[in-house]
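Chains, contacts and geometry: an overview
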Amino acid sequence: MLRSLVFSCALLACGAAYADTSDFTPGPVIAEYGPVADVPGAPAIAPGTTFKVLFSVSEAAEAGALNRRLESAARFLNMHVRAGVPRENIHLAIVVHGGAARDLTSTPRDGEANANAGLIAALIANGVEVWLCGQTAAAMDIDREDLLPGVRVALSAMTANALLQQNGYTLNPN
């Protein structure tokens, strides 16, 4: 019991040591989004490592704000390229469903420009697949012409998740 308490306190202290936001810097892949911190002493990633990672996003951003769950893909890219993984070895997909679907549209709320439009464009320009659940789109009355450029529509989030995982993508716990 005492050992686990000491370990838990040590973890909390380590977290505090890395909590300084000044340690987070942009790039190198997507400079405008996904700042990351270097972690001295972290184990090196083996040469030749390939990542195929799937992000499932359902939580909507606050009005006028960036969706931090969508930005996780930019952080993943920046972090791993900075750590030495070749860009061509990183394959990412985002499957969006639920309330986050509005974050993929030109106007998420009446008269509001989408704060996520630049992020989505940067992700797609860097090879990230962005999928919208077709069932969510139907339920929320979102038409294809409402979507930001490059966003794809799947039959469902369940279908996209299953197919991506069958193709070797692992689900990021986000």
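Our subject is the structure listed above.
Cut-offs and rules
Residues numbered from 1 in each chain as written. Predicted model: local features only at pLDDT ≥ 70, side-chain atom pairs only at ≥ 80, totals over all residues. Heavy atoms only, no water. Phe/Tyr/Trp six-rings, centres within 6.5 Å; stacked < 30°, edge-to-face > 60°. Helix = DSSP H or I, 4+ residues; strand = E, 2+ residues; numbered from the N terminus. Buried < 20%, exposed > 50% of the residue type's maximum accessible area, 1.4 Å probe, protein only. 1 Å grid on protein atoms, 1.4 Å probe; cavity = no way out; pocket = protein on both sides within 12 Å on 5 of 7 lines; lining within 4 Å. Points joined across faces, edges and corners; volume = space filled by probe spheres on them. Nonpolar A, V, L, I, M, F, W, Y, C, P; charged D, E, K, R; others polar. Pairing = 2+ DSSP bridges. Contact = heavy atoms within 4.5 Å. Axes fitted to C-alpha atoms, helices over the stretch in contact; angles between N-to-C directions. Right-handed = clockwise from strand over helix to strand, strands pointing away. Patch = residues over 30% accessible without salt bridge, like charges linked within 9 Å, V, L, I, M, F, W, Y side chains within 5 Å. Areas by Shrake-Rupley, 256 points an atom, 1.4 Å probe, with all protein chains shown as cover. Salt bridge = Lys/Arg side-chain N within 4 Å of Asp/Glu carboxyl O. Lys, Arg positive; Asp, Glu negative; His and termini not counted. Charge placed at Lys NZ, Arg CZ, Asp CG, Glu CD. Arc of directions from axis to C-beta.

As a further point, take the packing of aromatic side chains. Applying the stated criterion across every chain yields a total of two aromatic pairs. Note on Phe51 and Phe76: the rings are 5.3 Å apart at their centroids and 90 degrees apart in plane angle, and the pair reads as edge-to-face. Pair noted here: Phe51 is in strand E3 (residues 51–57) and Phe76 is in helix H2 (residues 68–82), with a separation of 25 residues, a long-range link. Phe76 shares its class with Phe51; the two are buried. Under the relative-accessibility criterion, Phe76 is labelled buried at 9%. Taken together, Phe51, Phe55 and Phe76 form an aromatic cluster joined through their ring pairs.

Quick look at empty space enclosed by the protein now. Empty space among the atoms becomes apparent when a probe as large as a water molecule is rolled across them. Tallied over the full model, the rule gives one cavity of 30 Å³ or more. Empty space within the largest cavity amounts to approximately 40 Å³. What lines the largest cavity is Ala61, Glu62, Gly64, Ala65, Asp103, Pro108, Arg109, Glu112, Ala113, Asn114, Ala115 and Asn116. In the lining of the largest cavity, the residues fall into five nonpolar, three polar and four charged.

As a further point, take the layout of surface pockets. Estimated volume of the largest pocket: approximately 270 Å³. If you go around the largest pocket, the residues you meet are Val36, Ala37, Asp38, Val39, Ala42, Pro43, Ala44, Ile45, Met79, His80, Arg82 and Ala83. Mapped onto the lining of the largest pocket, the elements with two or more residues apiece are strand E2 (36–37) and H2. Ranked by residue count, the leading element in the lining of the largest pocket is H2, at three residues.

Taken in spatial order, the five strands make up an open sheet running E6-E5-E4-E3-E7, and their pairing is parallel. The two strands at the open ends of the sheet, each matched to only one other strand, are strand E6 (152–154) and strand E7 (170–171). As judged from the seven bridges shared by E3 and strand E4 (residues 90–96), these two strands associate in the parallel manner. Note on E4: the bridge partner recorded for Ser56 is Val95. Against the sheet, H2 engages E3 and E4, with an angle of about 175 degrees to E4.

Okay, the pairing of E4 next. Counted residue by residue, E4 has six buried out of seven residues, so it is predominantly covered. This β-α-β element, E3 to H2 to E4, shows right-handed connectivity. Here E4 pairs with strand E5 (residues 129–133) via four bridges, running parallel. Pairing of Val96 across the sheet is with Leu132, part of E5. Running through helix H3 (residues 117–125), the crossover from E4 to the neighbouring parallel element E5 is right-handed.

Right, let's get into a negative patch on the surface. Taken together, Asp141, Asp143, Glu145 and Asp146 make up a surface patch of like negative charges. Structurally, the position occupied by Asp146 is in the loop between helix H4 (134–139) and E6. Residue Asp146 is classed as partly exposed on the basis of its relative accessible area of 30%.

Another aspect to go through is helix H5 (residues 157–166). Listed as buried for H5 are Ala157, Ala160, Asn161 and Leu164. Angularly, the buried residues of H5 cover 100 degrees about the axis, an arc narrow enough to put them on a single face. Opposite the buried face of H5, at more than 90 degrees from it, the exposed residues are Met158 and Gln166. Against the buried residues of H5 lie E3, E4, E5 and E6.

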